[in-house]
Amino acid sequence: DLICAAFEDEDQTVWLGTIAGISRYNHKKSFYRKVKASQIFPELEENWKITCLAENPKKTEWWIGSRSNKIYIFDYKTGAWNHLDLAEFPIDKKATYLTDIEFIGDEAVLCFAGAPTYQYNPKTKKMVPFKALTGSFKDYKTRVIVQETDSTYLFGNKLPLLRWNKNTNRIQ
């Protein structure tokens, strides 16, 4: 399988997002498992195409982005699945697919190929353009976000690489 996304949780389990689905591997516990969601979401049998993975630090959830512009939400403690259909939100029509998810505080910051960055609040179920990217950066098409320190995040696509400080809400 082609690995498109990888993440290691606090239990040292490595989660792999591939074009065929999700796999979990833990070398200390000597196990490897495929996570089968197609029984709940039949469209996944033919079209996983995972593009990104993120852990919601406020819950025991993995958010799994796909090329179908849906986010599949897996509660890894209970095994329950849910999904978020991004077509139901006012997102730029140029958004071809989700490229990254990063949780900042209580909100999920969503990056898309070909579109500006958005933020989603799971409590209010509201989606808005990412508030930190304003002025000349409001149309910046972030492909990936990386937490650099406790308060700074790097937003990447093409140059320039943006450094945002969440405490001062400034792009450096």
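Not measured: the values here are computed from a predicted model. Residue numbering note: each chain is counted from 1, following its sequence as written. Reporting of local features is limited, given that this is a predicted model, to residues whose pLDDT is at least 70; pairs of side-chain atoms are given and counted only at 80 or more, and all residues count toward the totals for whole chains, interfaces and linings. For side-chain calculations, the full set of non-hydrogen atoms in the structure is used, while hydrogens and water are omitted.

> What am I meant to see in the overall build of the protein here?
For helices the rule is a DSSP run of H or I covering at least 4 residues; for strands it is a run of E covering at least 2, with both sets numbered from the N terminus onward. Across its full length, the protein holds 0 helices and 16 strands. Each radius of gyration is computed over the set of C-alpha atoms, and the globule rule expresses the reference value as 2.2 Å times the number of residues to the power 0.38. Here the C-alpha radius of gyration of the protein, 16 Å, is about what a compact globule of 172 residues would show, namely 16 Å. Principal axes of the C-alpha set define a box for the protein whose edges measure 45 × 35 × 30 Å. Residues count as neighbours in contact if any of their non-hydrogen atoms are within 4.5 Å of one another. Considering only contacts in the protein between residues 6 or more positions apart, those separated by 24 or more positions represent 35%. Of the roughly 9,600 Å² of accessible surface on the protein, 50% is carried by carbon and sulfur atoms. This count recognises Lys and Arg as positive and Asp and Glu as negative, with His and chain-terminal groups excluded. Each charge is placed at NZ for Lys, CZ for Arg, CG for Asp and CD for Glu. In the protein, 25 side chains carry a positive charge and 21 a negative one; their mean positions are 4 Å apart. Surface exposure here means Shrake-Rupley accessible area, sampled with a 1.4 Å probe, where a residue is shielded only by the protein chains that are shown.

> What is the right way to read the pattern of salt bridges from this model?
Oppositely charged side chains may form a pair once their charged atoms are brought near each other. For this analysis, a salt bridge means a side-chain nitrogen from Lys or Arg found within 4 Å of a carboxyl oxygen belonging to Asp or Glu. Taken as a whole and judged by the stated rule, the model has 3 salt bridges. The shortest N-O distance in the salt bridge between K29 and D11 comes to 2.7 Å. One end of the pair, K29, is in the loop between β3 (21-26) and β4 (31-35); the other, D11, is in the loop between β1 (3-8) and β2 (14-18), with 18 residues separating them in the sequence. Across the salt bridge formed by R163 and E148, the nearest N and O atoms sit 2.7 Å from each other.

> Looking at this structure, how should I read the sheet that holds β3?
In a beta sheet, neighbouring strands are held together by backbone hydrogen bonds and run either parallel or antiparallel to one another. With antiparallel pairing, the 4 strands of this open sheet are ordered in space as β1-β2-β3-β4. The two strands at the open ends of the sheet, each matched to only one other strand, are β1 and β4. Looking at each pair of strands side by side, their axes are set apart by 20 degrees on average, direction ignored. Strands are labelled as partners when DSSP assigns at least two bridges between them. Both β3 and β4 contribute to a ladder of 5 bridges, which runs antiparallel. If you follow R24 over to β4, its bridge partner there is R33. Between N-to-C directions, angles span 0 to 180 degrees; the directions come from axes that are lines fitted to C-alpha atoms, helices contributing only their stretch in contact.

> I would appreciate a short explanation of the sheet that holds strand β16 (residues 170-171) in the present structure.
Strand order in the open sheet made by the 4 strands is β13-β14-β15-β16, with antiparallel pairing throughout. The sheet is open, and its two edges are formed by β13 (144-147) and β16, each paired on a single side. Across 2 bridges, the pairing between strand β15 (residues 162-165) and β16 is antiparallel. Residue pairing across strands places W164 opposite I171, the latter belonging to β16.

> Sorry if this is basic, but what is going on with unusual backbone geometry here?
In terms of backbone geometry, most residues other than glycine have negative phi values and most peptide bonds are trans. Notably, K125 is not glycine yet its phi reads approximately 60 degrees, a positive angle. With respect to the helices, strands and loops of the structure, K125 is situated in the loop between β11 (115-121) and β12 (126-129). With a phi angle near 55 degrees, N169 is a residue other than glycine that sits in the positive phi range.

> Help me out: how do you make sense of the packing of aromatic side chains in this one?
How two aromatic rings sit relative to each other is given by the distance of their centres and the angle of their planes. For Phe, Tyr and Trp, where Trp contributes only its six-membered ring, two rings pair if their centres lie within 6.5 Å, and the inter-plane angle classes them as stacked under 30 degrees, edge-to-face over 60, or tilted in between. Following the criterion strictly, the structure yields 13 aromatic pairs and no others. Note on F130 and W164: the rings are 5.3 Å apart at their centroids and 80 degrees apart in plane angle, and the pair reads as edge-to-face. Taken as a pair, F130 in the loop between β12 and β13 and W164 in strand β15 lie far apart in primary sequence, 34 residues in all. Per-residue accessibility, obtained with a 1.4 Å probe over protein chains only, is compared with the maximum for each type, and a residue is labelled buried under 20%, exposed over 50%, and partly exposed between these values. With relative accessibility at 6%, the residue F130 sits in the buried group. Three or more aromatic residues joined by ring pairs form one cluster here, namely W15, W62, F74, Y76 and W81. A cation sits over an aromatic face here: R67 above Y97, 3.8 Å from the ring centre. Our definition puts a charge over a ring when NZ of Lys or CZ of Arg is within 6 Å of the ring centre and also within 35 degrees of the ring normal.

> What exactly am I supposed to notice about the environment of P57 here?
Looking at the secondary structure, you find P57 in the loop between β5 (50-56) and β6 (61-66). By relative accessible area, P57 is classed as exposed at 59%. Separated by 94 residues in the primary sequence, P57 and S151 have C-alpha atoms spaced 16 Å apart.

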